[in-house]
Amino acid sequence: MPEIALNILDIAENSVRADASLIGITVSVQPEEDTLTVSIKDDGCGMTPEEAGKVLDPFFTTRTTRKVGLGVPFFKQAAESAGGSFQIDSEIGKGTEVTAVFRLSHIDRMPLGDISSVIHTLIVFNEPVDFRYTYRYGEKSFVLDTGEMREILGTEISFREPEVSAFIREYLETGKEETDGGTEI
Amino acid sequence: MKSLEELRAIRAKMQGKVGVRAENENQIRVVVGMATCGIASGARPVLTALSDAVQEQNLSEKICVTQTGCIGLCQYEPIVEVMEPGKEKVTYVKMTPEKALEMLRMHLLGGQVVTKYTLSAVQDGLK
């Protein structure tokens, strides 16, 4: 995968499949510490310690359509090959948290990519799931909480309505721009 | 900073206009594979292109774009499946946003399957 954002999409799809009702996604860029940290935390079904150990193995998957499961190994490799670290914590019945730290200035760090579009895709195509997305750059931060949006919109207006969908996209894009000042990451 | 308050205005404007969005039987279902294999081969822009086009052209009554997991044909991703009531499922493989829009125009609107992008065409080509 060429972008960190696409890895985030892939890992968050795992949370959706784990029947999460709330998925928290945090992207924190800290130029002073030279880190880019991604955390994806869900309240889905979680995994046993054995399963949590096995997801790092590319030849483990719960799918029956194919024999390999590369999502988590890809993300781990991307972080570690950029001088960073990777951690997965899971508890059955409680949920799973995946954290990846990248060295921001590392030559092999893949670009963040189009994170606003990825978050937009996740929100619009997984409407029953609540998302809480936090984007930090240095001291500044921006939060989008679909629970708050749902409260304003009521239950009968879908996030897929063109006007709502366009609002979400613009909200994400301007929020990011105001947080990082348009820096290429 | 854009404010969530804008949603209040959207809500007020849409009050009463929101029809029943329940899936009707005649709707065409367009499904994009969005597992690791799909995402890694570029399924996200395909999904966005299709869903944006459906919204822009006011086709959401007729066409429903959704996502699915892996159907086991990872080497052919991005895959788009078209399920039309009363017709056989059509599987499009190795899609791009451009091919997807062409498929929307020719197949979903024009009723003409774009054979060259289908799984069977690609598999026949290998024989």
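Please refer to the structure placed before this passage.
Residues numbered from 1 in each chain as written. Chains lettered and ligands numbered in written order. Predicted model: local features only at pLDDT ≥ 70, side-chain atom pairs only at ≥ 80, totals over all residues.

To continue, consider the interface of chain B and chain A. Each partner contributes residues to the interface: chain B has 24 residues there, and chain A has 32 residues. Mapped onto the side of chain B that touches chain A, the elements with two or more residues apiece are helix H1 (5–14), helix H2 (36–40) and helix H3 (43–56) of chain B. The greatest single-element share of the side of chain B that touches chain A, amounting to six residues, is contributed by H1 of chain B. Classifying every residue of the side of chain B that touches chain A by side-chain character gives 13 nonpolar, five polar and six charged. (Contact = placed C-beta atoms within 7 Å. Helix = DSSP H or I, 4+ residues; strand = E, 2+ residues; numbered from the N terminus. Nonpolar A, V, L, I, M, F, W, Y, C, P; charged D, E, K, R; others polar.)

Residue and element names in this part refer to chain B. If you trace the four strands from one edge of the open sheet to the other, you get S2-S1-S3-S4, paired in mixed fashion. Each of the sheet's edge strands pairs with one partner strand only, and the pair in question is strand S2 (63–68) and strand S4 (90–92). On average, each strand axis in the sheet is inclined to that of its neighbour by 20 degrees, with strand direction left out of account. Sheet analysis places strand S1 (residues 28–33) next to strand S3 (residues 80–83), joined by four bridges and oriented antiparallel. When the sheet's bridge partners are listed, Arg29 is paired in S3 with Met83. Its contacts with the sheet place helix H4 (residues 97–109) against S1, S2, S3 and S4, and it is angled at close to 15 degrees to S3. (Pairing = 2+ DSSP bridges. Axes fitted to C-alpha atoms, helices over the stretch in contact; angles between N-to-C directions.)

Moving on, we get to the sheet that holds strand S4 (residues 95–103) of chain A. Residue and element names in this part refer to chain A. One open sheet accounts for six strands, arranged S3-S4-S2-S1-S5-S6; its pairing is mixed. A strand with exactly one partner marks an edge of an open sheet, and here the two such strands are strand S3 (85–91) and strand S6 (140–145). In this sheet, neighbouring strand axes are inclined to one another by 5 degrees on average, regardless of whether the strands run parallel or antiparallel. When strand S5 (residues 130–137) meets S6, the two strands line up antiparallel, connected through six bridges. Bridge assignment links Tyr137 to a residue of S6, and that residue is Lys140. Its contacts with the sheet put helix H1 (residues 4–17) on strand S1 (22–30), strand S2 (35–42) and S4, and the angle it makes with S2 is roughly 15 degrees. Against the sheet, helix H6 (residues 162–180) contacts S1, S5 and S6, and its axis sits at roughly 165 degrees relative to S6.

Read these as spatial facts, not as claims about activity.
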